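# Residue-level structure breakdown
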Amino acid sequence: MTVFEMIIKGDIPSTKIYEDDSVIAILDIAPRAKGHTLVISKNVYPTIEEVPLDVLSHMMEIVKKVDKKMRLALKADGTNVIINNSPASGQEVPHLHIHVIPRFKDDGISFFPPALKYEENEAKEYGEKLKI
Ligand code: AMP
């Protein structure tokens, strides 16, 4: 059972800011910024590969509300909305959740590695490989 299932069942405590039939939103226990929130589907889908589109869409609806509330209540200037998708990306809990992290002008937080440069023709090759 994932830690989020235990939270949903009420077996371990959390600071809940939203709940409905299919989604909860709680404060992350180890926030990257104060107010860092996790929007979690109640059904367990490990990654976005498994989650039905209507559930993902509803999760994003709640993300929009959390973002709006962070701007109003915390005076956040922006948010990072992040899904760690599979362990290789840093996902620790295999139960789909969306991080919403409040950001402030000049807060100095950085989540991404430095930008790379494509070699000649490489962008074209990647573009071909990734064409959907
Ligand atoms: P991820 O690496 O995307 O799987 O993120 C998992 C997140 O869950 C981390 O940011 C953890 O700090 C957070 N987390 C783990 N246990 C708890 C808990 N009991 N309550 C709230 N957040 C938690």
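Residues numbered from 1 in each chain as written. Predicted model: local features only at pLDDT ≥ 70, side-chain atom pairs only at ≥ 80, totals over all residues. Heavy atoms only, no water.

A volume near 620 Å³ is recorded for the largest pocket. Lining the largest pocket are 27 residues, with Asp28, Arg32, Leu38, Glu92 and His99 positioned closest to its centre. Listing elements by their share of the lining of the largest pocket, those giving two or more residues are α1 (3-9), β2 (23-27) and β5 (97-103). Class assignment of the residues belonging to the lining of the largest pocket gives a composition of 15 nonpolar, nine polar and three charged. Taken as a whole, the second largest pocket holds about 210 Å³ of empty space. (1 Å grid on protein atoms, 1.4 Å probe; cavity = no way out; pocket = protein on both sides within 12 Å on 5 of 7 lines; lining within 4 Å. Points joined across faces, edges and corners; volume = space filled by probe spheres on them. Helix = DSSP H or I, 4+ residues; strand = E, 2+ residues; numbered from the N terminus. Nonpolar A, V, L, I, M, F, W, Y, C, P; charged D, E, K, R; others polar.)

Once that is clear, we can look at unusual backbone geometry. Positive phi outside glycine occurs at lysine 75, with the angle close to 60 degrees. Structurally, lysine 75 is set in the loop between α2 (53-73) and β4 (78-82). Its relative accessible area of 60% is what places lysine 75 among the exposed residues. (Buried < 20%, exposed > 50% of the residue type's maximum accessible area, 1.4 Å probe, protein only.)

Two faces, one strand: in a regular strand the side chains alternate between the faces of the sheet. Counted residue by residue, strand β3 (residues 37-41) has five buried out of five residues, so it is predominantly covered. With burial as the criterion, each face of β3 is covered, one bearing Thr37, Val39 and Ser41 and the other bearing Leu38 and Ile40. Here β3 pairs with β5 via four bridges, running antiparallel. Paired with leucine 38 across the bridge in β5 is histidine 99. (Pairing = 2+ DSSP bridges.)

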